[in-house]
Amino acid sequence: MSSEARSELAPTDVAAPTDTGTDHAPTPLTVGIEEEFLLIEPDSRTLSPRGPELVGEAAGDLGDRVGPELTQYQVELRTDPHTCLKEAEDQIRATRTAAARAAARLGLRIASTGTPVLGRTDPVPITPGTRYARSAAHFRALDDEQTVCACHIHVGLPDPRDAVHVSNHLRPWLPTLTALSANSPFEDGRDTGYASWRTMTWGRWPVSGPPPYFESPAHFDDLVGTLLEAEALIDRGGLYWDIRPSHHLPTIEVRVADAALTPHDTLLLAAVVRALTATALTALRAGEPAPRPAPELLRAACWRAARDGLAGHGIDPLTGRLEPQTALVERLLHTITPALRRHEDLDLVREQWQRLRTEGTGADLQRAAFRGRTNTHDVVDFVISATCPL
């Protein structure tokens, strides 16, 4: 998410926790979505450094729901907070359409993929701004490698102490979420062999990947303070863990996913993350401890999920055993079914999960587009058409 731009995801209508007998989670929870996109020159299919120009062009329709990102090859689109995912879907589609039309007026296209299929220039053009300049000076070549795009899900939690504990409960599911959302197999004209190469690239930052287990909110604050003092962070916005309590919104932010190829992919991710958060809150209110996988196993499971996506086997981070990745997804969905039903998202998730099992993830579909003529131009064209069919 761009820390240079103000976001409007703060949930103002999250219900207070209420005791409903078997369910102690606040319901319904709000969900807000941030999507990052690459800008494409349609003739060459390479990246265009006109992100700031597109932000200005689209702002008339989108206001501050469009903003810049680290590099000038990217833009970010944001939704308002929603309790109804159908309303969120309508806004996602409308926002993508408005941005695509603004890009077309500039002779450009937008593409929702975690990594650029075709090349970029090095060093990359960093977006103007004080924070971005500090980042480039501090992290150096790391910034040159971060032309990557993600989909971030914010779930409303008015009590920031809950976010720390919910993070602990969500950690074991990070590999499964990675596999479910993989959409970055290509980079710079080659197939990396990974379903989510963005995951591997992003992991180079000093504070990234699965967050640690936090003993308490005070432990979280102390650790962040230490990282700031050690200059592993330039500010709290640089906490690039896959899950984090937002530093400026009353939300927990799940940042593990690649940019979602289609609006359907975005909605599936949002529904699952919200239900996971609600399930964690129920466990928290009941006094159930969070599962605590060994950091080494969790890291290995995230790597395997990034490599293979939904294909083949994944690592259960609690046991270390290899299991079919689809079985691990089924276990996740079984765990969150009560929360999906409570939020009226169960049918949506069942339908979209069946679609993924039949058609494949964004990574699978990108590779299918390449197999047609073994031409990466076809992959770029496919991603553009899937991002926002006009």
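Residues numbered from 1 in each chain as written. Predicted model: local features only at pLDDT ≥ 70, side-chain atom pairs only at ≥ 80, totals over all residues. Heavy atoms only, no water.

This next bit is on unusual backbone geometry. Residues other than glycine predominantly adopt negative phi, and peptide bonds predominantly adopt the trans conformation. Positive phi is not limited to glycine here, since Arg45 has a value of about 65 degrees. Along the chain, the position of Arg45 falls in the loop between strand 1 (31–40) and helix 1 (51–62). (Helix = DSSP H or I, 4+ residues; strand = E, 2+ residues; numbered from the N terminus.)

With that settled, consider the nonpolar core. Judged by nonpolar contacts, the single largest core of 49 residues is most densely connected at Ile153, Leu177, Val272, Leu276, Leu332, Leu333 and Ile336. For this core, the element with the most residues is helix 9 (residues 263–285), which contributes 12 residues. With 18 residues, the next largest nonpolar core counts Phe37, Val75, Leu106 and Leu108 among its residues. (Core = buried A, V, L, I, M, F, W, Y, C linked by side-chain atoms within 4.5 Å. Buried < 20%, exposed > 50% of the residue type's maximum accessible area, 1.4 Å probe, protein only.)

A word on the packing of helix 9 against helix 12 (residues 346–359). With their axes 10 Å apart at the nearest point, helix 9 and helix 12 run at an angle of 125 degrees to one another. The orientation of helix 9 relative to helix 12 falls into the category oblique. Crossing handedness for the pair helix 9 and helix 12: left-handed. In this structure, helix 9 uses His264, Asp265, Leu267, Leu268, Ala271 and Val272 to contact helix 12, whose residues at the interface are Leu348, Val349, Gln352, Arg355 and Leu356. Its residues assigned to classes, the contact of helix 9 with helix 12 shows seven nonpolar, two polar and two charged. (Axes fitted to C-alpha atoms, helices over the stretch in contact; angles between N-to-C directions. Parallel < 35°, antiparallel > 145°, perpendicular 65-115°, else oblique. Left-handed = near helix turned anticlockwise from the far one by under 90°. Contact = heavy atoms within 4.5 Å. Nonpolar A, V, L, I, M, F, W, Y, C, P; charged D, E, K, R; others polar.)

Over its 12 residues, helix 14 (residues 376–387) extends 17 Å from the first C-alpha to the last, a length consistent with the 16 Å expected when each residue adds 1.5 Å. Of the positions making up helix 14, those classed as buried are Thr376, Asp378, Val379, Val380, Val383, Ile384, Ala386 and Thr387. On the buried face of helix 14, the contacting elements are strand 1, helix 2 (85–105), strand 4 (109–111), strand 6 (186–187), helix 9 and helix 13 (362–373). Two to three positions downstream of the cap, the backbone nitrogen of His377 sits 2.7 Å from a side-chain oxygen, assigning the N-cap of helix 14 to Asn375. (Expected span 1.5 Å × (residues − 1). Polar contact = N/O pair within 3.5 Å; in protein donor to acceptor, adjacent residues only side chain to side chain.)

Evaluation of the coordinates by the stated rule reveals nine aromatic pairs. Ring plane angle 50 degrees and centroid distance 4.9 Å describe the contact between Trp202 and Tyr240, whose orientation is recorded as tilted. Here Trp202, found in helix 7 (residues 197–202), pairs with Tyr240, found in strand 9 (residues 240–241); they are 38 residues apart in sequence, far enough to count as distant. Assessed through its relative accessible area of 16%, Trp202 is described here as buried. Given the relative accessible area of 14%, Tyr240 is considered buried. Aromatic rings pair up to connect Phe139, Trp202, Trp205 and Tyr240 into one cluster. The cationic tip of Arg292 hangs over the ring face of Tyr213; the distance from NZ or CZ to the ring centre is 3.9 Å. (Phe/Tyr/Trp six-rings, centres within 6.5 Å; stacked < 30°, edge-to-face > 60°. Lys NZ or Arg CZ within 6 Å of the ring centre and 35° of its normal.)

Attention now goes to the pairing of strand 3 (residues 74–78). Counting buried positions over the five residues of strand 3 gives five, a clear majority of the element. Here strand 3 shows a buried face lined by Gln74, Glu76 and Arg78 and a second buried face lined by Val75 and Leu77. The pairing of strand 1 with strand 3 spans five bridges and is classified as antiparallel. Its bridge partner being in strand 3, Glu34 is matched across the sheet by Arg78. The sheet contact formed by strand 2 (residues 66–68) and strand 3 spans three bridges and is antiparallel. Looking across to strand 3, one finds that Val66 is bridged to Leu77. (Pairing = 2+ DSSP bridges.)

Position of Ala150 relative to the elements: it lies in strand 5 (residues 150–156). For Ala150, a relative accessible area of 3% translates into the label buried. Note: C-alpha distance between Ala150 and Glu36 (114 residues apart in sequence) is 5.7 Å. If sequence neighbours within four positions are ignored, Ala150 has contacts with Glu34, Glu35, Glu36, Arg198, Ala257, Asp258 and Ala259.

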